[in-house]
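Read off the chains here:
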Amino acid sequence: MRRLFWLGIGVAVGVVVVRKATRTAQAYTPAGIASSLTESAGGLVESLRSFVEDVRAGMAEREQEIHQAFAQGEAFDDQFAELREDPRIGDRDIFPEEHQR
């Protein structure tokens, strides 16, 4: 009985080790590497898609705020006006004379 128990334990451990080794070996085959890269690229594309959607939603929200302020005749709060008026930061530093139209 004791031998049968240890035989069962040995077989179970052997199966687990062989399955783990097979998965690891498959991960380093060309097909396994291609599959891993495909999954990584898919995740990257999905992250990029999500980022672009967030940016577009933010742009649409800001544009709506601008349209509402314009429709109500309010002066638009230009948060960058001070930066453009500063001669050290103005457009001339960003765009040299030869690049301005």
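Residue positions are counted from 1 within each chain, in the order its sequence is given. Where local features are concerned, this predicted model is filtered to residues with pLDDT of at least 70; where side-chain atom pairs are given and counted, the filter is 80 or more; whole-chain, interface and lining totals use all residues. Side-chain numbers here rest on the full set of heavy atoms in the structure, without hydrogens or water.

### What to know about the overall build of the protein chain
Phase 1: Labels follow the DSSP assignment, with helices taken as runs of H or I lasting at least four residues and strands as runs of E lasting at least two, numbered in each case from the N terminus. When helices and strands are counted, the protein chain shows four helices and zero strands.
Phase 2: Helices (α) and strands (β) of the protein chain occur, in sequence order from the N terminus, as α-α-α-α.
Phase 3: The classification of residues rests on relative accessible area computed with a 1.4 Å probe and restricted to protein chains. Under 20% of the type maximum is buried, over 50% is exposed, and intermediate values are partly exposed. Out of the 101 residues in the protein chain, the part that is buried amounts to 4%.
Phase 4: About 9,600 Å² of surface is accessible on the protein chain, with carbon and sulfur atoms providing 62% of the total. Every accessible area reported is derived by Shrake-Rupley at a probe size of 1.4 Å, with residue values counting cover from the shown protein chains alone.

### Notes on the confidence of the model for the protein chain
Phase 1: Residues of the protein chain with pLDDT of at least 70 account for 76%, and the chain-wide mean is 82.
Phase 2: As a per-residue measure, pLDDT reflects the predictor's confidence and takes values from 0 up to 100. Looking at the elements of the protein chain, mean pLDDT is at its lowest for helix 4 (residues 91-94), recorded as 53, and at its highest for helix 1 (residues 2-27), recorded as 91.

### Thoughts on the pattern of salt bridges
Phase 1: Salt bridges are identified by distance alone: a Lys or Arg side-chain nitrogen within 4 Å of an Asp or Glu carboxyl oxygen. If you walk through the whole model with that rule in mind, you get two salt bridges.
Phase 2: Measuring nitrogen to oxygen at the nearest pair gives 2.9 Å for the salt bridge that ties R62 to E65. Taken together, the positions of R62 and E65, both in helix 2 (residues 30-71) and three residues apart, correspond to about one turn of that helix.
Phase 3: Residue class for E65 comes out partly exposed when judged on its relative accessible area of 35%.

### Here's the deal with helix 2
Phase 1: The terminal C-alpha atoms of helix 2 lie 61 Å apart, and with 42 residues this matches the ideal 62 Å at 1.5 Å per residue to within 8%.
Phase 2: Of the residues trailing helix 2, G73 is marked for its positive phi of about 75 degrees. A helix's residues, less one, multiplied by 1.5 Å, set its expected span.

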